[in-house]
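Chain by chain, the residues:
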Amino acid sequence: MHTSRKALNMIKYLILMLTFMCVVIEIIQIVVGAVLHRLFATYTVFIDNDFVRATHFLIAVGIVLVFLSIFGFAAIIFENVIMIFLYAGMFSLVVILEIILASAAFSMYNRVDSMLTRRMNVVIQQFHTDRFMRVSFNHMQNSMNCCGIQSYVDWTNFHPDRELPSSCCRRYEEGCMPHERGCHAPMSDFMGSRIHMIATGTTIIVVFQVVCIITAIIMGARLSLYKRRLRETGMSSGIATAPEPILTEKPKY
């Protein structure tokens, strides 16, 4: 019985450490999701809505898992078998959602180029008629040091009667000297790296969380077996105190 209790304590401390690490990882996930959301919001006219929703999902899952990990802490510390299995079950459901998110992120990574081409063509066509489109395209050209979609020639193709926007010019020497590279390539690298970060980061987190779930199930099974053995041997998992004998007759002096 002593050996079983010692092994159970080792598993208990291990899962407490893993759960604490999981809380730290989920806090990092929330922060990364918030930063990515802010970056995506800057270029919202160039990306599809599901890219922004992926950051919302990342933040939401992180928040849920933080509270779920706290629930797991309580279950493990108090050694409640039902709570431990409930923790493992709910954790498994959330991990399935994260696997779906990772799969969706890998899928989005493969269509970044086509999405940017389609979106940029729409934005450059409406550059002079839509103020929001104009501000967004100018911001992209200024921050990326680029001009047009594939090159500055795109402005001549889409707006032959207008001059290049000032955001296209790297310097002025007898007129505008435009940036030679277009905005598609740097934007593709920028967006692709962020989406790839979500996909690979979520995959790594899922692997770590599966280890936490397996350890919790082992803990629950061992704890259940340990308590059953205690009941079979007539012992209690708490501190047992022997009852005082009841006097059935008066003492004789």
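For the structure, see preceding data.
Worth saying up front: this structure is predicted, and the values here are computed from it rather than measured.

**Here's the deal with the environment of Asn 110**
In this structure, Asn 110 sits in helix α3 (residues 81-110). Look at Asn 110 and you get exposed, because its relative accessible area is 64%. Sequence separation of Asn 110 and Ile 195 is 85 residues, and the distance between their C-alpha atoms is 9.6 Å.

**Digging into the pattern of salt bridges**
It is possible for side chains of opposite charge to pair when their charged atoms get near one another. Inspection of the entire model under this criterion finds five salt bridges. Across the pair Asp 48 and Arg 118 runs a salt bridge whose closest N-O atoms are separated by 3.0 Å. You can see Asp 48 sitting in the loop between α1 (2-42) and α2 (49-77) and its partner Arg 118 sitting in helix α4 (residues 112-125), a full 70 residues away along the chain. The class of Asp 48 is buried, set by a relative accessible area of 11%. Judged by relative accessible area, Arg 118 falls into the partly exposed class, the value being 45%.

**With respect to the state of the cysteines**
For the structure on display, the rule yields three disulfides. One disulfide bridge connects Cys 147 with Cys 168, the sulfur atoms lying 2.0 Å from each other. Taking the sign of the S-S torsion, about 90° here, the bridge from Cys 147 to Cys 168 comes out right-handed. Taken as a pair, Cys 147 in the loop between α5 (131-144) and α6 (153-158) and Cys 168 in the loop between α6 and β1 (169-172) lie far apart in primary sequence, 21 residues in all.

**Some words on the nonpolar core**
Core analysis: the biggest nonpolar cluster contains 36 residues, and Phe 46, Phe 51, Phe 137, Met 140, Met 187 and Met 191 have the highest contact counts within it. Listed by contribution, the elements that provide at least two residues to this core are α1, α2, α3, α4, α5 and α7 (184-232). Counting 27 residues, the second-largest nonpolar core is a separate cluster that includes Val 61, Tyr 87, Val 94 and Ile 213.

**Some points on the side chain of Glu 79**
With respect to the secondary-structure elements, Glu 79 resides in the loop between α2 and α3. Using a relative accessible area of 14% as the deciding quantity, one classes Glu 79 as buried.

**What to know about the pairing of β1**
In this sheet, strand β2 (residues 176-178) lies alongside β1 in antiparallel orientation, the contact comprising three bridges. By the bridge assignment, Cys 169 is partnered in β2 with Pro 178. Between β1 and β2, which follow one another and run antiparallel, lie three residues, and Glu 174 among them has a positive phi close to 55°.

**Topic: the packing of α2 against α7**
Two quantities define a packed helix pair, namely the angle between the helix axes and the distance between the axes. Axis separation between α2 and α7 bottoms out at 12 Å; the angle between their running directions is 20°. In terms of orientation, α2 lies roughly parallel with respect to α7. In this structure, the crossing between α2 and α7 has a hand that is left-handed. Where α2 approaches α7, its residues Phe 51, Thr 55, Leu 58, Leu 65 and Ile 76 are matched on the opposing element by Met 191, Ile 195, Ile 198, Thr 202, Gln 209 and Met 219. Classifying every residue of the contact of α2 with α7 by side-chain character gives eight nonpolar, three polar and no charged.

**A look at α7**
Its 49 residues place the ends of α7 71 Å apart at the C-alpha level, agreeing with the 72 Å of an ideal helix rising 1.5 Å per residue. Of the residues trailing α7, Gly 234 is marked for its positive phi of about 80°.

**A short note on the environment of Phe 190**
Within the secondary structure, Phe 190 sits in helix α7. Between the alpha carbons of Phe 190 and Leu 39 there is a distance of 10.0 Å; along the sequence they are 151 residues apart. Once residues within four sequence positions are removed from consideration, Phe 190 is found in contact with Leu 39, Tyr 43 and Met 144.

**A look at the packing of aromatic side chains**
Taken as a whole, this structure holds seven aromatic pairs when the rule is applied. Pairing Tyr 87 with Phe 91 gives two aromatic rings, centres 5.4 Å apart and planes at 70°, and the pair type is edge-to-face. Linking Tyr 87 with Phe 91, this pair stays in helix α3, spanning four residues, or about one helical turn. By the burial criterion, Tyr 87 is buried, and Phe 91 matches it. Arranged with centres 4.8 Å apart and planes meeting at 75°, the rings of Phe 127 and Trp 155 form a pair that is edge-to-face. Highlighted residues: Phe 127 in the loop between α4 and α5 and Trp 155 in helix α6, separated in sequence by 28 residues. Residue classification places Phe 127 among the buried residues on the basis of a relative accessible area of 3%. By the ring-pair criterion, three or more aromatic residues cluster together here, those being Tyr 43, Phe 46, Phe 127, Phe 137, Trp 155 and Phe 190.

Calculation rules
Residues numbered from 1 in each chain as written. Predicted model: local features only at pLDDT ≥ 70, side-chain atom pairs only at ≥ 80, totals over all residues. Heavy atoms only, no water. Helix = DSSP H or I, 4+ residues; strand = E, 2+ residues; numbered from the N terminus. Buried < 20%, exposed > 50% of the residue type's maximum accessible area, 1.4 Å probe, protein only. Salt bridge = Lys/Arg side-chain N within 4 Å of Asp/Glu carboxyl O. Disulfide = S-S within 2.5 Å. Core = buried A, V, L, I, M, F, W, Y, C linked by side-chain atoms within 4.5 Å. Pairing = 2+ DSSP bridges. Axes fitted to C-alpha atoms, helices over the stretch in contact; angles between N-to-C directions. Parallel < 35°, antiparallel > 145°, perpendicular 65-115°, else oblique. Left-handed = near helix turned anticlockwise from the far one by under 90°. Contact = heavy atoms within 4.5 Å. Nonpolar A, V, L, I, M, F, W, Y, C, P; charged D, E, K, R; others polar. Expected span 1.5 Å × (residues − 1). Phe/Tyr/Trp six-rings, centres within 6.5 Å; stacked < 30°, edge-to-face > 60°.

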